Structures are given as structure tokens and as C-alpha cells.
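Here are the chains, one letter per residue:
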Amino acid sequence: MADILPFHQKRTPAPDREPDPLWREVLGRNLRATREERGDRLVDIAERAGISPQYLSEIERGRKEPSSEMIAAVTGALDVDLAELLIGIASDVRRIRGTSPVRRPAGPVLMAA
């Protein structure tokens, strides 16, 4: 049988460290930056995505947690590859947290069911 691994208690952030950003906030910042980089107006992207400009604005400000369908619609309207957007978001979160990229284990991994 396998060894029992210790369960680590909930980690609290260091007192001198900001709390981790919410994923929806980082997503929104990335979407807005991409839209502004391309010189697109919010109303035009919202129309192409089939959503209201108000809802897109709330997504960009990190106020709404969009569904995967909404994210796909907005990235499609921006003509952005979803995978590239997600890689950018992961990089931003790592930079904000001050952590290095995730390293994959060299050997076998035991996962609990």
C-alpha cells in the first residue's frame, strides 16, 4: 500500500504579502488590455460577442465571473486564441504572487481518488 501523506492545514498569507488576485480580475485586465491594444471599442467587441456593453464592462473590471461560453465569445470577438489568453493570465498571477512557473515532477505521481 501507499504511504499516507500529511494534510497541510490552510495556509494563511504572509502579513507583508497582498492576497492573491481573483482570477476574474486578472482575466478582465487581460481582456481590456488586449482590446485597448488593438484600438477596439468596448461596444464593438460586445456586439461581436453577442453580449451587452455593460456586461463586457463588468467582466473587464473583474466584477462578473463569466462562463466559459462568455469567455469564448469575447475571445472570439477579439480574435484572440483562448490558450494564449490563459497562458498570459497564468503568467500574470505568477508575477503578482512572485512565484516561478510550475515545475512538472520528473517521476511518477501518486494521486488520490
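Here, every reference points to the structure presented above.
First, a word on scope: everything that follows refers to the structure included in this document. A quick note: this is a predicted structure, and the numbers were derived from the prediction, not measured.

Thresholds applied
Residues numbered from 1 in each chain as written. Predicted model: local features only at pLDDT ≥ 70, side-chain atom pairs only at ≥ 80, totals over all residues. Heavy atoms only, no water. Helix = DSSP H or I, 4+ residues; strand = E, 2+ residues; numbered from the N terminus. Buried < 20%, exposed > 50% of the residue type's maximum accessible area, 1.4 Å probe, protein only. Contact = heavy atoms within 4.5 Å. Areas by Shrake-Rupley, 256 points an atom, 1.4 Å probe, with all protein chains shown as cover. Axes fitted to C-alpha atoms, helices over the stretch in contact; angles between N-to-C directions. Parallel < 35°, antiparallel > 145°, perpendicular 65-115°, else oblique. Left-handed = near helix turned anticlockwise from the far one by under 90°. Nonpolar A, V, L, I, M, F, W, Y, C, P; charged D, E, K, R; others polar.

Let us look at the overall build of the chain. Scanning the chain from terminus to terminus reveals 5 helices and 0 strands. Listing the helices and strands of the chain from first to last along the sequence gives α-α-α-α-α. Of all 113 residues assigned to the chain, the portion counted as buried reaches 24%. Sequence separation of at least 24 residues holds for 64% of the intrachain contacts in the chain that already meet a minimum separation of 6. Here the chain has roughly 8800 Å² of accessible surface; of this, 53% comes from carbon and sulfur atoms.

A separate point is the packing of helix α1 (residues 23-37) against helix α5 (residues 82-97). Between α1 and α5, whose axes approach to 10 Å, the crossing angle comes to 120 degrees. The angle between the axes of α1 and α5 places the two elements in the oblique class. For the element pair α1 and α5, the recorded crossing hand is right-handed. Contacts from W23, V26, L27, R29, N30 and L31 in α1 reach L85, L86, G88, I89, D92, V93 and I96 in α5. Residue composition of the contact of α1 with α5, by class: 9 nonpolar, 2 polar and 2 charged.

Mapping N30 onto the fold places it in helix α1. Residue classification places N30 among the buried residues on the basis of a relative accessible area of 15%. Beyond its immediate sequence surroundings of up to four residues, N30 is in contact with L85, G88, I89 and D92.

Along the chain, D92 falls in helix α5. Taking the C-alpha atoms as reference, D92 lies 10.0 Å from R29; in sequence the two are 63 residues apart. Non-local contacts of D92, meaning those with residues more than four positions away in its chain, are made with V26 and N30.

Among the structural elements, T75 can be located in helix α4 (residues 68-78). Distance from T75 to L31, taken between C-alpha atoms, is 7.9 Å for residues 44 residues apart in sequence. Apart from residues no more than four positions distant in its own chain, T75 is found in contact with L31, V80, L82 and L85.

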